[in-house]
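Fold and contact review
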Amino acid sequence: MPLFRQLEARPEREREREKQKMRNRGHECSEEDEDEPSSLTRLCLLSLAENMKDMWVQDYAQNYMDQYFFRYIMGPFSSLPGDLLEELLCVLSQRTLLSRAALHLLLLPQLHSLSLLHSCNLVTANLCSLISARCQSLRSLNLSGALNVSSPALCSLLGGLSSLRYLYLAGTLCDRSVMATVAQQCPALKHLDVSRCVHLHPVALLPLARSSGLKCLTSLLALDIGLEEKEDDGTATAAFLLLGFPSLRQVALDNAGQACTMICKQEFGLTEEFTSRERVASLQELWTRRIQRGDGEEDSFNLEEKLDKSLHLGKSRADGVRADEGSQETTVKLAIREIQSVSLNSLDAVGQLCPDIHSVSLNCHDEDDSGDDEGSGLRRTTLLTKGLATWSGQVRSLSLQFPGPLSELVTPLQVTGSSLISLTLEGVQADGHLPFLDLISACPKLTSLTVHIDPPRSNQEEEEDDEDLEDWNLPCLPDLRSLTLNFFLDERQLKPVLCWRSLRAPLWALLRGAPQLQKLSLMATPCRLDPVFRLVLDHHSKPLNALDQPPLRCLRHVNLKRSDVTMETTARLVKTCHRLSTLDLSGCWSMTLSNITKLQGKASRRRHKLQITWT
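Residues numbered from 1 in each chain as written. Predicted model: local features only at pLDDT ≥ 70, side-chain atom pairs only at ≥ 80, totals over all residues. Heavy atoms only, no water.

1. Let's talk about the overall build of the chain
This is how it is decided: Runs of H or I in DSSP of at least four residues are treated as helices and runs of E of at least two as strands, each being numbered from the N terminus. Residue burial considers only the protein chains on display, and all accessible areas are found by Shrake-Rupley using a 1.4 Å probe.
On a plain count of helices and strands, the chain comes out with 24 helices and 16 strands. In the structure as shown, the chain presents an accessible area of about 29000 Å², 49% of it carried by carbon and sulfur atoms.

2. Quick word on the layout of surface pockets
The criterion, for reference: Residues are said to line a cavity or pocket when one of their atoms sits within 4 Å of a point; the points come from a 1 Å grid over protein atoms alone, cavities being sets where a 1.4 Å probe fits but cannot get out and pockets being open sets with protein on both sides within 12 Å along at least five of seven lines. Grid points are joined across faces, edges and corners, and a volume is the space filled by probe spheres set on the points. As a working rule, the residues Ala, Val, Leu, Ile, Met, Phe, Trp, Tyr, Cys and Pro are called nonpolar, Asp, Glu, Lys and Arg charged, and the rest polar, with Gly in that last group.
Here the second largest pocket defines a volume of roughly 1200 Å³. Taken together, 45 residues line the second largest pocket, and the ones lying closest to its centre are T235, D254, N255, Q258 and S343. Elements that contribute at least two residues to the lining of the second largest pocket include exactly helix 10 (231-244), helix 11 (256-265), helix 12 (272-278), strand 7 (338-343), helix 16 (347-353) and strand 8 (359-363). Broken down by element, the residue count for the lining of the second largest pocket peaks at six residues, all from helix 10. Residues that form the lining of the second largest pocket fall into these classes: 13 nonpolar, 17 polar and 15 charged.

3. Some points on the environment of G587
Selection rule: Only heavy atoms matter for contacts: two residues are in contact if any of them lie within 4.5 Å across the pair.
Tracing the backbone through its elements, the reader meets G587 in the loop between strand 15 (582-584) and helix 24 (593-604). Linking G587 and T613, residues 26 residues apart in sequence, is a C-alpha distance of 9.8 Å. The contacts of G587, once residues within four sequence positions are left out, are R562 and T615.

4. Re the packing of aromatic side chains
Put simply, the rule is: Centres within 6.5 Å are what make two rings of Phe, Tyr or Trp a pair, Trp counting through its six-membered ring; a difference in plane orientation under 30 degrees is then read as stacked, over 60 as edge-to-face, and the rest as tilted. Buried, partly exposed and exposed residues are distinguished by accessible area as a fraction of the type maximum, computed with a 1.4 Å probe on protein chains only: under 20%, between the cut-offs, and over 50%, respectively.
By the definition in use, this model includes three aromatic pairs. Between the aromatic rings of W56 and F77, the centroid separation amounts to 5.9 Å while the plane-to-plane angle is 55 degrees, which identifies the pairing as tilted. Here F77 lies in the loop between helix 4 (58-63) and helix 5 (82-94) and W56 lies in helix 3 (residues 52-56), a separation of 21 residues in the sequence. Here W56 falls in the partly exposed class, since its relative accessible area comes to 34%. Taking the relative accessible area as the measure of exposure, F77 reaches 2% and is therefore buried. Arranged with centres 5.7 Å apart and planes meeting at 50 degrees, the rings of F268 and W287 form a pair that is tilted. Taken together, the residues span a long stretch of sequence, with F268 in the loop between helix 11 and helix 12 and W287 in helix 13 (residues 283-293) at a distance of 19 residues.

5. Points about the pattern of salt bridges
The line we're drawing: Each salt bridge in this description consists of a side-chain nitrogen of Lys or Arg and a carboxyl oxygen of Asp or Glu lying within 4 Å of one another.
A full pass over the atoms with the stated rule returns 13 salt bridges. Ionic pairing is found between E285 and R289, a salt bridge with its closest N-O pair at 2.5 Å. Pair noted here: E285 and R289 are both in helix 13, with a separation of four residues, about one helical turn. Put simply, D564 and R528 hold a salt bridge, and the shortest N to O gap is 3.8 Å. Note that D564 is positioned in the loop between strand 14 (557-559) and helix 23 (567-576) and R528 in the loop between strand 13 (519-523) and helix 22 (530-538), a separation of 36 residues in sequence. Note on R528: relative accessible area 40%, which makes it partly exposed. It is possible to trace a salt-bridge network through shared partners that takes in R176, D233, E273, R277 and E278.

6. Here's the deal with the environment of T416
Considering the arrangement of structural elements, one finds T416 in helix 18 (residues 410-416). In the structure, T416 is positioned 31 residues away from T385 in sequence and 8.6 Å away in space, judged by C-alpha atoms. Beyond its immediate sequence surroundings of up to four residues, T416 is in contact with L388, W391, V395 and L398.

7. Considerations on the pairing of strand 8
Note the threshold: The path from the first strand over the helix to the second decides the hand: if it runs clockwise while the strands point away from the viewer, the crossover is right-handed. The rule for pairing is simple: two strands pair if DSSP sees at least two bridges between them.
For strand 8, the buried fraction is high: four of the five residues fall into the buried class. Note that the unit made of strand 7, helix 16 and strand 8 has a crossover that is right-handed. Note: strand 8 against strand 9 (residues 397-401), five bridges, orientation parallel. Note on strand 9: the bridge partner recorded for L362 is L400.

Structure representation (structure tokens):
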């Protein structure tokens, strides 16, 4: 009997769909649509998962697992095709049913994708040896958070996985020797994530970009890794990687912004000691190679990227005319489309080098400013507006760490918000509901909005009548699927000060105008939530451009931690939101143990499981 069944050849479209599924599986499995009837295959996999412990692995766990070491196992899953094995592993992981014994039986040669992100406690040196022996055809491997595996064990594992395309090692004990192994043994690697690896220093990434390194790498994530003894080494390393990988599309490096500034100014002389010490090519040499090769790396773009690039070709050419007429220093363009950890001072340099950015993460804390006076706020806004204008109409995802009031962000968002699909704001300060409404108006296509915000420093007493909803003329986000509005609250405070009653209007517009909303988080909200949900569920009025669909029917996850919400509202949510699977009421002081018991009783009678959290 063969170890695994040879899969039949599949059409090109199905193979492309499989590639996309493998990329998505690097982090976590997609949620099943509980309102749709499950396929027979899905039902069988669910049955396998529910009975895995008591039936399928019981004999092996009791009689063999700790007594013997099997290189291969001819078990009940040996003849399953690889895609079903991967889906079964996802189901087990989602339902926290994946055990060491189950993994031993499911590690089979037909696996092409393996994610242990949610079971990282199971990853040991012994398990790595099993993966290396049995799953040599792996194309995607996620061991993020696996702290029980030493660097030598990782080297031994990766040395036998030459087919890897996607590798996730975030938060592991990865170090320089692991990077050297990856550079030598994984030549087809396209995506590498080594974020939060504290034993990994930036210079350890240099082997990846050497002549014998990774030629196909398009994505490199290495945020929050170890620090260098010399501060400038991190910037030099980032510049070397940016110039050394012509095909790089996604970058997350702690010094990426400073590296772009260095490249723009051609300050390569500052790195001669560094390149000599590390025995790598000089940055001037890499720069010259890029100029000689030109920027025509079009073969690595997919069809969507080529179409997007053609749409903005006119703008890019117009912006580049003066640069081409000037010095040679701006002729090199990087093909990067996603970049993280960019400072406000380096935003202009990033715009010059990377004209095709679609996703950017910015830290707007200005080290040159000593306070939060009006002058520093104006300077922040000016720099941010000018920098984002470079990518106006093409940025889809924007993340900002911004220390000023929300009103200062209105102008920058009006410049770039028309194309945004995802927006994340951290550290902003609330200064009334009008800037919040302007934000909504500036970004009409958002599907994800995340705001971590300081509550107002003074009472916002303005409050409208419920009967005047038709006159509010509030904007909405009809495509919104995820809304997070979390207010900062001192741990010493038991509950927030209800100082922003006028927030009710923007909340009503967001919730009532987003019928596809699936995830909602309103933490420490400085206004009562009962009136908000009452308006959303009971009032017939709609915000401007809202779809004629009932609200909140698609909600799956709701987080109302430390907010003022009562039993009446939560009971209505449980009754109305049929897809709801998690409801977090931690710290909601109006809820009692008796209320939670009644809610759990109502939840037990639902078709779908609902997990209620309360402390």
